[in-house]
Amino acid sequence: MTTKPDNRLTELLLEAVAYRATAEEVEAAANPPYPSPAALEPFREAAAEAFRERLAAGGANPLCSLRLLDPPYYFNENAQTWLNTSGGVSDAVCLLLAGGVISVATVERAIEVCARRLAPPWMQRAIVYRLCADGDLDAAMRAADSEIFGDEGWVGWRAVGDWLAREGDAATFLKLWPKYKAVHRRDHIDDMRRALVDGVSRKQGWRAAVELTHDKRMSAKSHINSLIYVALVPVAEGGDVRAMDRLLEVEELPGLDDLARLQLLIDAMQASYPKVGEPGRDANHPDLSWVLERIVAIDPKVSKEQSRRRDWLLVGLWPVIGDPTTLKKVRGAIRAPMWKRELAGLKEE
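Residues numbered from 1 in each chain as written. Predicted model: local features only at pLDDT ≥ 70, side-chain atom pairs only at ≥ 80, totals over all residues. Heavy atoms only, no water.

K.L.:
Account for the overall build of the protein chain, with residues named and values stated.
P.N.:
Helix and strand counts for the protein chain stand at 19 helices and two strands. Of all 349 residues assigned to the protein chain, the portion counted as buried reaches 48%. Distance between charge centres in the protein chain, computed from 46 positive and 51 negative side chains, equals 5 Å. (Helix = DSSP H or I, 4+ residues; strand = E, 2+ residues; numbered from the N terminus. Buried < 20%, exposed > 50% of the residue type's maximum accessible area, 1.4 Å probe, protein only. Lys, Arg positive; Asp, Glu negative; His and termini not counted. Charge placed at Lys NZ, Arg CZ, Asp CG, Glu CD.)

Given below as structure tokens:
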């Protein structure tokens, strides 16, 4: 929910986005220590104070974005990064909106007066995420359809898709599929697919998520293994390794390969192993021995890919190992020298 905006902050924000740096300021900002124009400091100080207050207050941690084509992130982490690095003006605007510190109307005014050619689409994308976080999907879709995006109109629609995915709303997500223009930035499309499968699994259950993975818009054969794995991660997070193993044995999960199944068992062990500072970390996880036997039995000579994934599974056992003898055995089973060295030092950390 958007908080009541600070009128002084709004005034400073609009002045900052409309400010045109002098040639001398532009030249100075291009060289260390990269100073920003002095005229922007009042807004930056006010924004920093607003971020500190918002982070201290807690509350929702909505999706946000600072650029046009970057993947979305979450507000808390980005706001803290802005504070740590003394970030830029347009970044602050997008983050203040994401955190609900300023209103959508304020950012719409900022877009109108903005002196930075590239920033308006960034801010428009932030508006879409904010409206989604407010639960106003109709307004978010209108914002996504804005001419401000120019030839990259699909960016706004993908912001809607990002939110729908995390809400587990597969029906609406897939209905909007043509607007995402999947031929562009396929890495983002893959992220959206994974987020949707995860969202559906958490909201509707893993069976619905697995069924979704077979939709033609969701995956080619090359993606099915990773998507089914994502669908089952919430089950593994329950920490019942034996139950996870029974599910994998009983249920028909065509497309999920043996190494992904073993990764789910490792995930379940990690979820149920004592956290740092809790008693019990001086002993192996009770299910470690039989899972380890299965991993060691994988033939690394079949292919470089299988050898690589086998090593990764072995390394993934480290957080549930308490016995130094077991750690030595796992290290001996690893093929890649890099991972042998890595595992040699991990237990001491």
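There's more to say after this.
K.L.:
Talk me through the packing of aromatic side chains; I want residue IDs and the actual numbers.
P.N.:
The description of an aromatic ring pair rests on the distance of the ring centres and on the angle between the ring planes. In the structure shown here, the tally under the stated rule is six aromatic pairs. Every member of this aromatic cluster is reached through a ring pair, and the members are F51, F75 and W82. When the ring centre of W122 is taken as reference, the NZ or CZ atom of R67 above it lies at 4.4 Å. Of note, K179 hangs over the ring of W157, and the distance from its end group to the ring centre comes to 4.7 Å. (Phe/Tyr/Trp six-rings, centres within 6.5 Å; stacked < 30°, edge-to-face > 60°. Lys NZ or Arg CZ within 6 Å of the ring centre and 35° of its normal.)

K.L.:
Give a description of the packing of helix α15 (residues 258-272) against helix α17 (residues 304-316) that names residues and reports values.
P.N.:
Two quantities define a packed helix pair, namely the angle between the axes and the distance from one axis to the other. Where α15 contacts α17, the axes come no closer than 10 Å and their chain directions differ by 10°. Between α15 and α17, the angle falls in the class roughly parallel. Contact residues: L259, A260, L262, Q263, I266 and Q270 in α15; Q306, R309, R310, W312, L313 and G316 in α17. Considering only residue class, the contact of α15 with α17 consists of six nonpolar, four polar and two charged. (Axes fitted to C-alpha atoms, helices over the stretch in contact; angles between N-to-C directions. Parallel < 35°, antiparallel > 145°, perpendicular 65-115°, else oblique. Contact = heavy atoms within 4.5 Å. Nonpolar A, V, L, I, M, F, W, Y, C, P; charged D, E, K, R; others polar.)

K.L.:
I'd like a rundown of unusual backbone geometry, residues and numbers included.
P.N.:
Residue P33 follows P32 across a cis peptide bond; omega there is 5°. As for its placement among the helices and strands, P33 is situated in the loop between α2 (23-29) and α3 (41-57). The residue S86 is not glycine, and still its phi comes out positive at about 55°. Here S86 shows up in the loop between α4 (75-85) and α5 (89-98). A positive phi is found at R185, a non-glycine position, where the angle reads about 40°. Tracing the sequence through the fold places R185 in the loop between α10 (170-175) and α11 (186-204).

K.L.:
How would you summarise the state of the cysteines if you had to cite specific residues and measurements?
P.N.:
The final tally for this structure, using the stated rule, is zero disulfides. Between C94, a free cysteine, and C64, which holds the nearest cysteine sulfur, the sulfur-to-sulfur gap is 8.4 Å. With a relative accessible area of 2%, C94 lands in the buried category. Lacking any disulfide linkage, C114 is separated from the closest cysteine sulfur, that of C94, by 9.7 Å. Assessed through its relative accessible area of 15%, C114 is described here as buried. (Disulfide = S-S within 2.5 Å.)

K.L.:
How would you explain the side chain of R310 if you had to name every residue and give the values?
P.N.:
Residue position: R310 is located in helix α17. Of the buried charged residues, R310 lacks a salt bridge, with D311 as the closest side chain of opposite charge at 4.3 Å. (Salt bridge = Lys/Arg side-chain N within 4 Å of Asp/Glu carboxyl O.)

K.L.:
With reference to specific residues and values, describe the pattern of salt bridges.
P.N.:
The tally for this structure, following the rule as stated, stands at 17 salt bridges. Measuring nitrogen to oxygen at the nearest pair gives 2.8 Å for the salt bridge that ties R242 to D287. Pair noted here: R242 is in helix α14 (residues 241-250) and D287 is in the loop between α15 and α16 (288-296), with a separation of 45 residues, a long-range link. When its relative accessible area of 10% is taken as the criterion, D287 is described as buried. Residues participating in the shared-partner salt-bridge network are D198, R202 and E237.

K.L.:
Break down helix α7 (residues 119-133) for me, citing the residues and quoting the values.
P.N.:
The terminal C-alpha atoms of α7 lie 21 Å apart, and with 15 residues this matches the ideal 21 Å at 1.5 Å per residue to within 8%. With 14 of 15 residues buried, α7 lies mostly within the body of the structure. Just downstream of α7 lies G135, where phi reads positive at about 80°. (Expected span 1.5 Å × (residues − 1).)

K.L.:
Mind laying out the nonpolar core, listing which residues take part and the relevant values?
P.N.:
Side chains of a nonpolar character, in soluble globular proteins, are inclined to be buried together. Counting residues in each nonpolar core, the largest one holds 112 residues, and the members touching the most others are F43, L96, M123, L232 and L317. Counting residues per element, this core draws most heavily on α7, at nine residues. (Core = buried A, V, L, I, M, F, W, Y, C linked by side-chain atoms within 4.5 Å.)

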